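Survey of secondary and tertiary structure
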Amino acid sequence: MFRATLALSAALVSPSQTHTASPATGNLADYSLEDLMNMKVTSVAAKEQRISKAAAAVYVLTAEDIRRSGAANIPDLLRLVPGVNVEQIDANAWAISMRGFADRYDNKILVLIDGRSVYSPVFSGMMWDAVDVPLEEIERVEVIRGPGGTVWGANAVNGVINIITKSAGATQGVLVSARAGSELRPDGYIRYGGRAGSAGLFRVFGRGFQIAPSQSAVGREANDGWYLSHGGFRSDWDLSNRDGLTVQGDFQRTAGDQTLSLVFANALPAHATLNDRVGMSTANLLARWKHTLANGSEMSWQVYDDYLHRGEQGIDYSDNVVDFAFEHHLAFGSRHDLVWGAEARNASTRFVPGYAVAIEPVRKTDRLVSTFVQDEVKLTKQIWLTAGSKFEHNDYTGFEWEPSAQLLWSPDDDHAAWFSVARAIRQPSRSDAGVRYPMTVIPDSPIVLVQAVGNPNLQPECLYDVEAGYRALLNRRFSFDVAAFGSFYRDLVGLVPQTPYFTVNPVPPHIVSPLVEANAARARSAGIELFVKYDVTAHWRIIPGYSELHLDIEPKPGYPTTVIASLPLNNPSHQFQFRSLLKVRHNLEWDNTFFWVSRLNAGTAPAYARLDSRVGRRFNESVEISVTGQNLLQPSHAEFPDSIGVLHTRIRRAVFATATWSF
């Protein structure tokens with residue numbers, strides 16, 4: 001495998017007639033460290049602001065970062081962000097978290113695609129196999145580590161990931177991309193962008209891929225292959241010099257396999273390990289209208305409809321989310337820059353029980369209404385104070401508020417120190433309120449069934465967060481960014497034993513030992529996240545990064561210590577990465593990323609080191625070929641334990657080639 005990689009790399013290095021890429025292609029030399037510090041982000045304060053003036057722990061992956069990452073999917077791309085913990089469970093499932101509480105359905109980070117939340121209204125968490133954005137479509141990924149509830153609302157507790165796609169105007173013409181290799185066989189993408197009359201631009205795309213099964217924990221081929229087909233469009237319209245309209249949509253179908261170990265709730269005391277099929281269809285449609293008023297203030301209206309249907313473990317699950325949002329950004333006086341808005345969301349869900357899991361009732365509609373206001377006040381020429389709050393009403397806990405305040409001191413454009421305090425919540429979900437999940441069965445006489453049970457009277461999980469940071473561009477070649485935080489969690493949801501009882505429904509007669517969800521725990525965490533960007537030469541940039549997390553969890557007074565075992569504790573205390581971006585010559589790139597992740601706190605997976613390497617060559621402005629090797633240091637490794645009945649696998653070494661052609 002290594003010989004094949006080296007042979008193809010040598011072929012890419014061989015002489016050929018080439019042309020230097022234009023600045024539009026985003027070469028490393030076209031993005032100085034000063035340019036990156038002045039890049040505009042929108043996720044911190046719901047308005048455009050330079051990274052250097054953002055009072056938050058923020059990291060941006062640009063389109064150039066994405067192109068040179070060698071990643072083939074969103075989870076592998078997020079490994080590049082210091083402070084983001086990406087742990088692969090099997091070929092189609094991940095646990096992605098920030099600042100603790102890693103789980104397959106992580107419920108403390110909020111993920112957005114062009115302003116559309118992809119957070120599950122049933123599980124109150126993320127299903128990463130439902131999130132596919134072709135990497136060629138992405139303009140940038142903004143990652144906010146820490147609470148973002150004031151702007152984004154409930155569930156933006158430990159972080160926000162905002163995936164922003166390119167405008168239709170930036171994707172004109174035809175682009176064809178294909179990947180194939182040892183684990184990826186194959187992955188194809190095609191896009192066409194054109195004009196729609198005199199005022200509109202559009203693009204349409206299609207993508208399909210197949211992922212090979214990984215390796216089971218005992219060394220055999222696992223049952224976790226994955227297939228996907230995805231199509232979509234985007235159109236952007238200049239209605240006037242003050243009005244712009246975006247309309248976009250996607251349709252996606254996936255099919256995959258997984259190996260389960262579960263108790264059959266309707267056939268006690270049956271417990272089996274079996275291969276299971278996962279099928280899913282998603283569709284969404286979004287429209288956004290932006291209007292600039294005569295006084296220069298900006299307003300936007302956004303509406304989207306997002307549908308998902310999923311089948312696994314005998315479950316038939318669907319949801320449909322309709323969301324309407326309004327925002328107004330205005331400046332008044334010489335010191336105030338204010339953003340306010342309102343949102344209404346309607347989530348209709350249907351959950352037909354499967355072999356094991358049931359959620360009651362079968363059908364339910366949840367509603368959420370909210371408003372927020374945030375004002376940035378210029379106290380002096382060098383100091384800014386930003387304060388505001390989100391006010392929400394949900395069907396589970398009623399009225400909630402999520403305030404925050406940030407203080408920024410920036411003596412010049414190259415240095416900034418900031419301090420922030422915030423409160424954020426994770427609101428209960430349908431599964432929290434009504435789940436019934438058989439965890440284990442004891443085939444005694446009578447049978448004993450240990451079962452997790454939801455609680456409709458839960459309170460929200462609350463975070464009280466304090467953090468500070470400093471970022472600086474010391475010279476044209478060296479910049480650094482550091483953030484430290486202390487977080488205090490209250491009313492964390494865990495499982496509490498209740499009095500067992502005897503029942504004859506369903507047959508056979510058995511004893512149920514219930515573990516009921518309750519706000520039974522609290523936690524405190526502290527950590528540091530830092531990264532450096534250093535241009536060794538005009539053609540070589542290195543980006544080392546490090547994050548450290550210390551998380552202590554304890555039961556609330558009056559609750560048993562056993563509640564801790566039901567909380568997600570599979571986080572590493574230390575993560576280190578070292579990224580090297582080297583332009584060997586004007587048309588040849590060699591990029592490497594080394595990762596080291598310490599053992600998980602719960603002791604369920606050992607530490608591992610990973611090396612990804614990419615060699616890419618541009619033959620002209622339209623054609624590029626690259627070879628990527630992933631997990632090159634060892635044949636395979638495990639990253640996460642079994643999760644919610646799904647048996648984990650070992651992630652294998654992989655090599656694949658990518659060819660891109662645009663015209």
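Rules and cut-offs
- Residues numbered from 1 in each chain as written.
- Predicted model: local features only at pLDDT ≥ 70, side-chain atom pairs only at ≥ 80, totals over all residues.
- Heavy atoms only, no water.
- Helix = DSSP H or I, 4+ residues; strand = E, 2+ residues; numbered from the N terminus.
- Rg over C-alpha atoms; globule rule 2.2 N^0.38 Å.
- Buried < 20%, exposed > 50% of the residue type's maximum accessible area, 1.4 Å probe, protein only.
- Areas by Shrake-Rupley, 256 points an atom, 1.4 Å probe, with all protein chains shown as cover.
- Lys, Arg positive; Asp, Glu negative; His and termini not counted.
- Charge placed at Lys NZ, Arg CZ, Asp CG, Glu CD.
- Patch = residues over 30% accessible without salt bridge, like charges linked within 9 Å, V, L, I, M, F, W, Y side chains within 5 Å.
- Salt bridge = Lys/Arg side-chain N within 4 Å of Asp/Glu carboxyl O.
- Pairing = 2+ DSSP bridges.
- Contact = heavy atoms within 4.5 Å.
- Phe/Tyr/Trp six-rings, centres within 6.5 Å; stacked < 30°, edge-to-face > 60°.
- Core = buried A, V, L, I, M, F, W, Y, C linked by side-chain atoms within 4.5 Å.
- pLDDT = per-residue confidence, 0-100.

What follows is about the overall build of the chain. Along the chain, the regular secondary structure elements total 6 helices and 38 strands. Relative to its length of 663 residues, the chain is compact, with a C-alpha radius of gyration of 25 Å against a globular reference of 26 Å. Dimensions along the principal axes, computed over C-alpha positions, put the chain at roughly 80 × 65 × 50 Å. Looking at the 663 residues of the chain, the share that counts as buried comes to 57%. Roughly 26100 Å² of accessible area belongs to the chain as shown, and the carbon and sulfur atoms make up 60% of that amount. If you average the places of the 62 positive and of the 69 negative side-chain charges in the chain, the two averages end up 3 Å apart.

A cluster of nonpolar side chains, contributed by Leu379, Leu385, Leu407, Phe419, Val421 and Val466, occupies part of the molecular surface with about 440 Å² of accessible area. Examined against the element boundaries, Leu385 turns out to sit in strand S22 (residues 383-394). With relative accessibility at 31%, the residue Leu385 sits in the partly exposed group.

Attention shifts here to the sheet that holds strand S6 (residues 109-113). The strand order across the open sheet built from 5 strands is S3-S8-S9-S6-S7, with neighbouring strands paired in mixed fashion. Taken across any chain shown, the strands that pair with only one partner, and hence form the sheet edges, are strand S3 (57-62) and strand S7 (116-117). Examined bridge by bridge, strand S8 (residues 138-145) and strand S9 (residues 159-165) share 7 bridges and lie antiparallel to one another. Across the sheet, Arg145 pairs through a bridge with Gly159, a residue of S9.

Looking now at the environment of Pro147. Structurally, Pro147 is set in the loop between S8 and helix H5 (149-152). On a C-alpha basis, the gap between Pro147 and Gly159 in space is 5.5 Å, while along the polypeptide they are 12 residues apart.

Glancing now at the pattern of salt bridges. For the coordinates displayed, the defined rule picks out 44 salt bridges. Residue Lys108 is joined to Glu461 by a salt bridge in which the shortest nitrogen-to-oxygen separation is 3.0 Å. Here Lys108 is found in the loop between strand S5 (93-98) and S6, whereas its partner Glu461 is found in strand S27 (residues 461-475), with 353 residues between them in sequence. Given a relative accessible area of 5%, Lys108 falls into the buried group.

Turning to the sheet that holds strand S13 (residues 215-216), a few remarks are in order. The strand order S13-S37-S36 describes an open sheet built from 3 strands, whose pairing is antiparallel. Looking at strand neighbours, the two that pair on one side only are S13 and strand S36 (636-637), the edges of this open sheet. Two strands pair when backbone bridges link them, and S13 and strand S37 (residues 649-652) are joined in this way by 2 bridges, in the antiparallel orientation. Residue pairing across strands places Ser216 opposite Thr649, the latter belonging to S37.

A separate point is the environment of Glu137. Structurally, Glu137 can be placed in the loop between S7 and S8. Glu137 gets classed as buried once you look at its relative accessible area, which sits at 2%. Between the C-alpha atoms of Glu137 and Ala63, which are 74 residues apart in sequence, the distance is 8.7 Å. Contact partners of Glu137, with chain neighbours within four places excluded, come to Thr165, Lys166, Tyr189, Arg191, Arg203 and Phe205.

Applying the stated criterion to the full structure yields 18 aromatic pairs. Centre to centre, the rings of Phe123 and Phe351 are 6.4 Å apart; their planes meet at 75°, and the pair counts as edge-to-face. Residue Phe123 is located in the loop between S7 and S8, and its partner Phe351 is located in strand S19 (residues 336-352); the two are separated by 228 residues in the primary sequence. Taking the centre distance of 6.4 Å and the plane angle of 20° together, the rings of Phe391 and Phe399 count as stacked. Its relative accessible area of 53% is what places Phe399 among the exposed residues. Within the aromatic cluster, the residues linked to one another by ring pairs are Tyr105, Phe123, Tyr317 and Phe351.

Another aspect to go through is the pairing of strand S33 (residues 588-597). Consecutive residues of a regular strand have side chains that alternate between opposite faces of the sheet. A large share of S33 lies buried, amounting to 7 of its 10 residues. Inspection of the sheet shows strand S32 (residues 574-585) paired to S33 by 10 bridges, in the antiparallel sense. Residue pairing for S33: Ser580 is matched across the bridge by Asn592. Between S32 and S33, which pair antiparallel and follow one another directly, the connecting turn spans 2 residues.

Most often, soluble globular proteins keep nonpolar side chains buried together rather than apart. In this structure, Leu78, Trp128, Val141 and Ile161 are the most contacted members of the largest nonpolar core, which totals 63 residues. By residue number, the principal contributor to this core is S6, which donates 5 residues. Counting 18 residues, the second largest nonpolar core, distinct from the first, contains Ala130, Ile315, Val435 and Val450.

The subject of this paragraph is the side chain of Asp535. Structurally, Asp535 is set in strand S30 (residues 510-537). Discounting residues that sit within four places of it in the chain, Asp535 has contacts with Leu33, Arg476, Arg477, Trp540 and Arg541.

Tracing the backbone shows Pro606 in the loop between S33 and strand S34 (608-618). When the C-alpha atoms of Pro606 and Glu639 are compared, they prove to be 7.7 Å apart, with 33 residues separating the residues in sequence.

Right, let's talk about the pairing of strand S15 (residues 243-263) for a bit. Direction of pairing for strand S14 (residues 226-238) relative to S15: antiparallel, over a ladder of 13 bridges. Paired with Arg234 across the strands is Gln248, a residue of S15. Counting the residues between successive antiparallel strands, the hairpin from S14 to S15 contains 4 residues. The pairing of S15 with strand S16 (residues 271-292) spans 21 bridges and is antiparallel. Of the residues in S16, the one forming a bridge with Gly256 is Val278.

So, on to the confidence of the model for the chain. In this model, the chain carries a mean pLDDT of 91, and residues with pLDDT of at least 70 account for 95%. Summarising per-element confidence for the chain, the mean pLDDT is lowest in helix H1 (residues 2-13) (38) and highest in S33 (97). In the model, residues 1-26 has pLDDT below 50 throughout and makes 46 contacts with residues more than four positions away in sequence or in other chains.

Once that is clear, we can look at unusual backbone geometry. Cis geometry marks the peptide bond from Arg185 to Pro186, where omega comes out at -20°. Examined against the element boundaries, Pro186 turns out to sit in strand S11 (residues 184-196). Cis geometry marks the peptide bond from Glu360 to Pro361; its omega dihedral reads -5°. Locating Pro361 in the fold gives a position in the loop between strand S20 (358-359) and strand S21 (363-378). The backbone of Phe101 shows a phi angle near 65°, a positive value even though the residue is not glycine. Mapped onto the secondary structure, Phe101 falls in the loop between S5 and S6. Phe101 sits in the buried class, given a relative accessible area of 3%. The residue Asn631 is not glycine, and still its phi comes out positive at about 55°.

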